[in-house]
Amino acid sequence: MERHEIEVFLTLAEELHFRRTSERLGLAQGRVSQTIKKLERRIGVPLFERTSRRVALTPTGQQLRDDLIPVRRQLQRAVDRAMAMGRGITGVLHVGYSSPMVAEILLRAADTFRTRYPDCEIEIQEVQLSDPFGPLRSGRLDLQVTERPVREPDLTLGPVVLHEPRSLMVPAEHPFARRTSVSVEDLAESTLLAVSGAVPPYWLDHHYPRRTPQGSPVEHGPTFTYWTEVMNLVGLGRGVSPACRTAERYHARPDVAWVPFRDAPPVVYGFVWPASGESARVRAFVDTVCEVTR
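Residues numbered from 1 in each chain as written. Predicted model: local features only at pLDDT ≥ 70, side-chain atom pairs only at ≥ 80, totals over all residues. Heavy atoms only, no water.

Draft legend 1. Seen up close, the overall build of the protein. Scanning the protein from terminus to terminus reveals ten helices and twelve strands. Based on the C-alpha atoms only, the size of the protein along its principal axes is roughly 85 × 45 × 30 Å. Expressed as a percentage of the 294 residues in the protein, the buried residues total 44%. In the protein, once contacts between residues fewer than 6 apart in sequence are set aside, the share between residues at least 24 apart is 72%. With an accessible surface of roughly 15100 Å², the protein has 49% of that area assigned to carbon and sulfur atoms. (Helix = DSSP H or I, 4+ residues; strand = E, 2+ residues; numbered from the N terminus. Buried < 20%, exposed > 50% of the residue type's maximum accessible area, 1.4 Å probe, protein only. Contact = heavy atoms within 4.5 Å. Areas by Shrake-Rupley, 256 points an atom, 1.4 Å probe, with all protein chains shown as cover.)

Draft legend 2. Spotlight on the sheet that holds strand β3 (residues 91-97). If you trace the five strands from one edge of the open sheet to the other, you get β4-β3-β5-β12-β6, paired in mixed fashion. The open sheet is flanked by β4 (120-126) and β6 (155-164), the only strands paired with a single partner. For this sheet the average axis-to-axis angle between neighbouring strands, irrespective of direction, equals 20°. Direction of pairing for strand β5 (residues 143-147) relative to strand β12 (residues 267-274): antiparallel, over a ladder of four bridges. Residue pairing in the sheet places T146 in a bridge with G270 of β12. Each of β3, β4, β5, β6 and β12 is contacted by helix α5 (residues 100-116), which is oriented at about 175° to β4, the strand it contacts most. (Pairing = 2+ DSSP bridges. Axes fitted to C-alpha atoms, helices over the stretch in contact; angles between N-to-C directions.)

Draft legend 3. How the structure looks around the environment of P213. For P213, the position within the fold is in the loop between α7 (201-207) and β9 (219-224). Residues P213 and V184, 29 residues apart in the sequence, show an inter-C-alpha distance of 7.5 Å. When neighbours within four sequence positions are excluded, P213 is seen to be in contact with V184 and E185.

Draft legend 4. Focus on the sheet that holds strand β10 (residues 241-244). Spatial ordering of the open sheet is given by β10-β7-β11, a layout of three strands whose pairing is antiparallel. Looking along the sheet, the strands with just one partner apiece sit at the ends: β10 and β11 (256-260). Averaged over all pairs of adjacent strands, the angle between strand axes in this sheet comes to 40°, irrespective of strand direction. Judged from the five bridges that link them, strand β7 (residues 166-171) and β11 form a sheet pairing that is antiparallel. Within β11, the residue paired with P171 across the bridge is V256. In the packing of helix α8 (residues 227-235) onto the sheet, contacts are made with β7, β10 and β11, and the angle to β7 comes to roughly 55°.

Draft legend 5. Structural context of the nonpolar core. Counting 67 residues, the largest nonpolar core has L106, L143, F271 and F285 as the members making the most contacts within it. Counting residues per element, this core draws most heavily on α5, which supplies eight residues. Not counting the four nearest positions on each side in its chain, F285 is found in contact with L93, V95, L106, A109, A110, F113, I122, L143 and F271. Judged by nonpolar contacts, the second largest core, of 16 residues, contains I6, F18, F48 and L68. (Core = buried A, V, L, I, M, F, W, Y, C linked by side-chain atoms within 4.5 Å.)

Draft legend 6. A look at unusual backbone geometry. Looking along the chain, the bond that leaves R148 and enters P149 is cis, with omega of 10°. You will see that L16, though not glycine, has its phi angle at about 50°, which is positive. Tracing the sequence through the fold places L16 in the loop between α1 (3-15) and α2 (18-25). A residue is classified by how much of its surface remains accessible, and L16, at 32% relative accessible area, is partly exposed.

What follows is the structure, given as structure tokens:
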């Protein structure tokens with residue numbers, strides 16, 4: 001059997017309606033009918049029972065359908081694999097993330113991607129806030145989803161993946177813990193914990209400001225390198241720290257309260273990759289993630 005005959009037969013076996021089959025395949029209804037008749041002459045028995053009211057598979061048609069379904073899947077996999085190889089979507093793609101919310105999205109997208117491009121493996125790993133672009137620049141990662149802003153001339157910005165509202169993590173006994181919300185101006189009454197390391201100053205100013213929007217100074221306290229450290233510092237009463245509101249779902253603990261900001265801009269997560277590192281597989285994975293999040 002030729003591939004177009006398999007497609008016509010299996011589509012009619014699913015639809016059990018000649019007009020719907022022709023519309024689905026983009027063929028004339030007469031062409032569908034001719035293809036089925038040709039198959040039946042070749043096999044020697046009817047594959048469908050036709051009346052003015054219904055179309056149904058004969059026992060032979062049912063057996064042929066069951067035998068051809070795995071054949072069609074194998075043919076499609078072969079075509080997909082050939083197309084992927086032709087576009088360069090093979091090998092291993094290393095993808096980074098900096099938050100568990102993003103990790104969930106990437107893992108879902110990776111499942112879809114592997115089905116479409118079986119010759120390209122996806123490896124996903126966490127990127128520490130203390131060195132947000134080091135893995136990209138060293139070649140350990142091909143692309144990542146990270147917090148904006150990113151103003152690096154050697155890096156390309158891709159699509160935004162996620163917007164997350166902010167909360168302020170405070171010690172459970174802190175006065176702010178009894179409030180229903182806080183303002184960015186309230187940071188002037190707190191000691192702010194901030195990340196340290198190879199972090200661009202503009203990024204720090206955006207997420208851990210030294211002044212409020214109205215110009216009040218914000219005191220900075222101890223710094224941290226890893227996320228577990230900031231949780232411990234807040235719990236011990238050493239200061240407060242902004243965070244994505246959804247992160248409470250992953251990091252809730254009794255000595256830390258999460259108070260929503262009512263006026264802080266959201267945390268924006270987007271793709272970034274080396275300016276010299278764009279490839280067909282990078283673009284294919286970015287498109288898959290955008291599809292999943294859409």
